[in-house]
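As a plain string of letters, each chain reads:
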Amino acid sequence: MEPLPDLLVRPIVDLSLAEDLGRAGDITGLACIDADARLSVLFASRQDGRVAGLSCARLALAALDPTANFEVVTPDGADAAPGTVLARAEGNARAVLAAERTGLNLLGRLSGIATLTRAYVRLVEGTGATIVDTRKTTPGLRALEKYAVRCGGGVNHRFGLDDAILIKDNHVVACGGVGEAVRRARAFAGHLVKVEVEVDGLNQLEDALKHGPDVVMLDNFSLDDLKTAVALAKGRAVLEASGGVNLTTVRAIAQTGVDVISVGALTHSAPVLDIGLDAA
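It should be emphasised that the depicted structure is a prediction, and the values quoted were computed from it without experimental measurement.

A.B. asks: Explain the nonpolar core to me, using residue names and the numbers behind them.
C.D. replies: General note: in soluble globular proteins, nonpolar side chains tend to be found buried as a group. Tyr-120, Leu-144, Ile-167, Val-216, Leu-218 and Ile-261 are the most contacted members of the largest nonpolar core, which has 59 residues in total. Broken down by element, the residue count for this core peaks at seven residues, all from helix 4 (residues 93-123). One finds Leu-54, Ala-57, Ala-87 and Leu-107 within the second-largest nonpolar core, a separate group that totals 18 residues.

A.B. asks: Break down helix 5 (residues 142-151) for me, citing the residues and quoting the values.
C.D. replies: Judged by how many residues are buried, helix 5 sits mostly within the fold: seven of ten residues are covered. Here helix 5 has its buried residues at Leu-144, Glu-145, Lys-146, Tyr-147, Ala-148, Val-149 and Cys-151. Contacts made by the buried residues of helix 5 are with helix 1 (6-21), strand 2 (49-50), helix 3 (54-64), helix 4 and helix 11 (265-268). With its phi angle positive at about 100 degrees, Gly-153 sits one or two positions after the end of helix 5.

A.B. asks: An account of the sheet that holds strand 3 (residues 69-72) is needed here, citing residue identities and associated values.
C.D. replies: Whether parallel or antiparallel, the strands of a sheet pair through hydrogen bonds between backbone atoms. What the four strands build is an open sheet, ordered 3-5-1-12; its pairing is antiparallel. The open sheet has two edge strands with one neighbour each: strand 3 and strand 12 (275-279). Each strand axis lies, on average, 15 degrees off the axis of its neighbour in the sheet, ignoring direction. As paired elements, strand 3 and strand 5 (residues 85-92) share four bridges and run antiparallel to each other.

A.B. asks: Quick rundown of helix 4? Include the residues and the values.
C.D. replies: With 31 residues, helix 4 ought to run about 45 Å at 1.5 Å a step, and its terminal C-alpha atoms sit 43 Å apart, in line with that. For helix 4, the tally of buried residues reaches 22 of 31 residues, placing the bulk of the element in the interior. Sitting at the head of helix 4, Asn-92 places a side-chain oxygen 3.0 Å from the backbone nitrogen of Arg-94.

What counts and what doesn't
Residues numbered from 1 in each chain as written. Predicted model: local features only at pLDDT ≥ 70, side-chain atom pairs only at ≥ 80, totals over all residues. Heavy atoms only, no water. Core = buried A, V, L, I, M, F, W, Y, C linked by side-chain atoms within 4.5 Å. Buried < 20%, exposed > 50% of the residue type's maximum accessible area, 1.4 Å probe, protein only. Helix = DSSP H or I, 4+ residues; strand = E, 2+ residues; numbered from the N terminus. Contact = heavy atoms within 4.5 Å. Pairing = 2+ DSSP bridges. Axes fitted to C-alpha atoms, helices over the stretch in contact; angles between N-to-C directions. Expected span 1.5 Å × (residues − 1). Polar contact = N/O pair within 3.5 Å; in protein donor to acceptor, adjacent residues only side chain to side chain.

Here's what the structure looks like:
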């Protein structure tokens, strides 16, 4: 998995370090460790999971000790069993320990997202359905969290309000109907902008399809209605199932024939993967 450019990751890491170091820096390290002491450490997974976010740990250390060494052993996008070494690092001891929590917080968070995404992707294998994320991300961390979804085998939905048109139920109310909303969006959109509309029933689906949306989001449809929607659409639009998706239901949803399943839980509810840092 190709890591995100450092240019995108570094500001997030710097902000996290500043939050942790506060006004006086790591006073524990200053009090207990010689200024020129060196320390070698291992980052290791304590759980089964999918790795994502090693550049966060590397950049956290590099910010405090530019001369430090950081060697990736198990790269982003790879699976790790309990005890698997993810990376080795060596540098100024004060810097290593001051950067530890920032690096582990981001690495554990992103690896947790990648691990949960992996679980969803595995459950829909063979159905033809694609697992995608949503905009339900941690403020300030969207680029990282969507990268973690890719590490887990998922695909990104839109990144923000400016890269695709997604007409939701409140948009429909505000402009007087599904068909009218899609018509207006089609007239507004440039040739590279996709138009998606959310519908909450089969009657709205039929109205939407008349106006040529690229994607229709089927919100909280029953399994029977999802199957009917697939038959009605007949390939005229990509169909995205949303709502009521969890690890228990996702396989059955995928088997209805929908093209895409969006899962907010990938980023808003993924448990952190337990990763430790120990002296080597």
